[in-house]
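# Fold and geometry: a report
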Amino acid sequence: MTEYQKIETLYKFDNTTKTYTGEFYNQYVEYLRNNRWLTSEKVNGANVSVQFDGHHIEFHGRTERADLPKEVLEILTEKFGDSEVEFEQLFSGKPAILYMDCYGGTIQGGAYGGNERLIGFDITVNGQYLDKRCIGEIFAKFGVDCVEFKEVENLDVAINEVKGWAENPKKGISSYCEKGTTIKEGLVCVPSVRIYDNRGKRIIVKIKTEDLRKLNK
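Figured I'd write up the structure that's included with this text. Fair warning: this is a prediction, and the values are worked out from it, not measured in the lab.

### Examining the overall build of the protein
- In terms of helices and strands, the protein carries six helices and 13 strands.
- Computed over the C-alpha atoms, the radius of gyration of the protein is 18 Å, within 12% of the 17 Å expected from 2.2 N^0.38 for a compact globule of 217 residues.
- Projected onto its principal axes, the C-alpha positions of the protein cover 55 × 40 × 30 Å.
- Here the protein, with 217 residues, has 46% of them falling under the buried criterion.
- Restricting to contacts in the protein with at least 6 residues of sequence separation, those with at least 24 account for 65%.
- Looking at the protein as shown, the accessible area adds up to about 11,600 Å², and 45% of this sits on carbon and sulfur atoms.
- One finds the centroid of the 30 positive side-chain charges in the protein at a distance of 7 Å from the centroid of its 34 negative side-chain charges.

And the structure:
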């Protein structure tokens with residue numbers, strides 16, 4: 001299986017004080033700070049993926065060792081069982097991976113109401129990430145929702161938005177997954193133009209409300 005790229009936190013962590021320093025962890029993120037970014041809600045769910053090798057599909061958790069709960073496996077089978085032909089036609093027989101969160105029900109201690117359901121957030125084809133602004137149409141073909149993406153002028157706009165949720169939780173009660181009742185966990189941000197570092201890793205960062213509450217002011 002191919003594991004999803006780990007999403008780095010925004011700031012460096014001081015293990016002595018158990019707080020975030022306010023200094024950017026990744027120099028690429030800091031350099032790109034004043035450029036335009038795409039933001040999406042960070043869903044508090046279980047990472048799952050449907051991986052197509054050009055012939056067959058497999059279901060996976062976040063890591064190769066992760067076991068899929070019965071409820072998660074059932075919904076993946078419902079949405080993607082026997083879908084090899086659809087994958088082959090959509091991606092012209094190329095290897096492709098659909099990355100999603102499973103949330104609701106008993107997932108993450110019942111962070112959201114309702115039954116277990118899926119929401120997509122990324123797709124790779126031949127090992128390359130697709131532009132996030134076009135992946136919603138692909139997930140829709142399988143009857144799966146996709147997180148909403150919003151372009152912002154710079155990264156500070158996203159930081160200030162999450163800071164507002166951290167300082168006043170009522171501002172965060174507008175989760176896409178359960179509007180009006182569940183506080184957003186944070187935002188995931190990528191540059192509007194896909195950019196990779198010198199190791200070939202895509203630039204991507206998460207801004208979490210709980211992290212900003214631990215910011216060393």
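### Re the layout of surface pockets
- By volume, the largest pocket is sized at about 500 Å³.
- Contributing to the lining of the largest pocket are 21 residues, with Tyr4, Ile7, Lys42, Asn47 and Arg62 lying nearest its centre.
- Taken together, the residues of the lining of the largest pocket break down into six nonpolar, six polar and nine charged.
- Computed from the structure, the second largest pocket encloses a volume of approximately 330 Å³.
- In terms of lining residues, the second largest pocket is bounded by 21 residues, among which Thr2, Ile97, Tyr99, Thr124 and Gly127 are the most central.
- The set of elements that each furnish at least two residues to the lining of the second largest pocket consists of strand 5 (46–52) and strand 7 (96–103).
- The biggest single contributor to the lining of the second largest pocket is strand 7, with three residues.
- Split into classes, the residues belonging to the lining of the second largest pocket amount to eight nonpolar, eight polar and five charged.

### Details of the pattern of salt bridges
- Inspection of every chain in the model, using the stated rule, returns twelve salt bridges.
- When the shortest N-O distance is used, the salt bridge between arginine 36 and glutamate 151 registers 3.2 Å. Taken as a pair, arginine 36 in the loop between helix 1 (27–31) and strand 4 (37–41) and glutamate 151 in strand 11 (residues 149–152) lie far apart in primary sequence, 115 residues in all.
- Residue glutamate 210 pairs with lysine 208 through a salt bridge whose shortest N-O separation is 3.8 Å.
- When its relative accessible area of 13% is taken as the criterion, lysine 208 is described as buried.
- Connected via shared salt-bridge partners are Lys42, Glu185, Lys208 and Glu210.

### Focus: empty space enclosed by the protein
- Inspection of the entire model under this criterion finds three cavities of 30 Å³ or more.
- Roughly 80 Å³ of volume is contained in the largest cavity.
- Grouping the amino acids of the lining of the largest cavity by side-chain chemistry returns seven nonpolar, one polar and five charged.
- Lining the second largest cavity are Met1, Thr2, Glu3, Tyr4, Asn47, Val48, Ser49, Gly61, Arg62, Tyr99, Met100 and Phe121.

### Observations regarding unusual backbone geometry
- The phi dihedral of aspartate 82 falls on the positive side, at around 55 degrees, and the residue is not glycine.
- Inspection of the secondary structure puts aspartate 82 in the loop between helix 2 (70–80) and helix 3 (84–91).
- The phi dihedral of asparagine 126 is positive, around 55 degrees, even though this residue is not glycine.
- Among the structural elements, asparagine 126 can be located in the loop between strand 8 (117–125) and strand 9 (128–129).

The rules behind each value
- Residues take numbers from 1 onward in each chain, read along the sequence in its written order.
- The predicted nature of this model means local features are confined to residues of pLDDT at least 70 and side-chain atom pairs, given and counted, to a pLDDT of 80 or more, with totals for whole chains, interfaces and linings taken over all residues.
- Only hydrogens and water are set aside when side-chain values are computed; all heavy atoms of the structure are taken into account.
- Secondary structure elements follow DSSP: runs of H or I no shorter than four residues count as helices, runs of E no shorter than two count as strands, and numbering proceeds from the N terminus.
- As defined in this context, the radius of gyration uses C-alpha atoms, and a globule is described by 2.2 Å times the residue total to the power 0.38.
- Exposed residues in this analysis have more than 50% of their type's maximum accessible area, buried residues have under 20%, and partly exposed residues fall in between, with area computed by a 1.4 Å probe over protein chains only.
- The contact criterion used throughout is that any non-hydrogen atoms of two residues lie within 4.5 Å.
- Accessibility throughout is a Shrake-Rupley quantity obtained with a 1.4 Å probe, and a residue counts as covered only by protein chains that appear here.
- For this count, His and the chain ends are skipped, Lys and Arg are scored as positive, and Asp and Glu as negative.
- Taken as the charge location is NZ of Lys, CZ of Arg, CG of Asp or CD of Glu.
- Cavity and pocket criteria rest on a 1 Å grid covering protein atoms alone: a 1.4 Å probe that fits but cannot get out defines a cavity, protein on both sides within 12 Å along at least 5 of 7 lines defines an open pocket, and an atom within 4 Å of a point defines a lining residue.
- Grid points are joined across faces, edges and corners, and a volume is the space filled by probe spheres set on the points.
- Polar here means any residue other than Ala, Val, Leu, Ile, Met, Phe, Trp, Tyr, Cys and Pro, which are nonpolar, and Asp, Glu, Lys and Arg, which are charged; Gly is therefore polar.
- Here, a salt bridge means any side-chain nitrogen of Lys or Arg that lies within 4 Å of a carboxyl oxygen of Asp or Glu.

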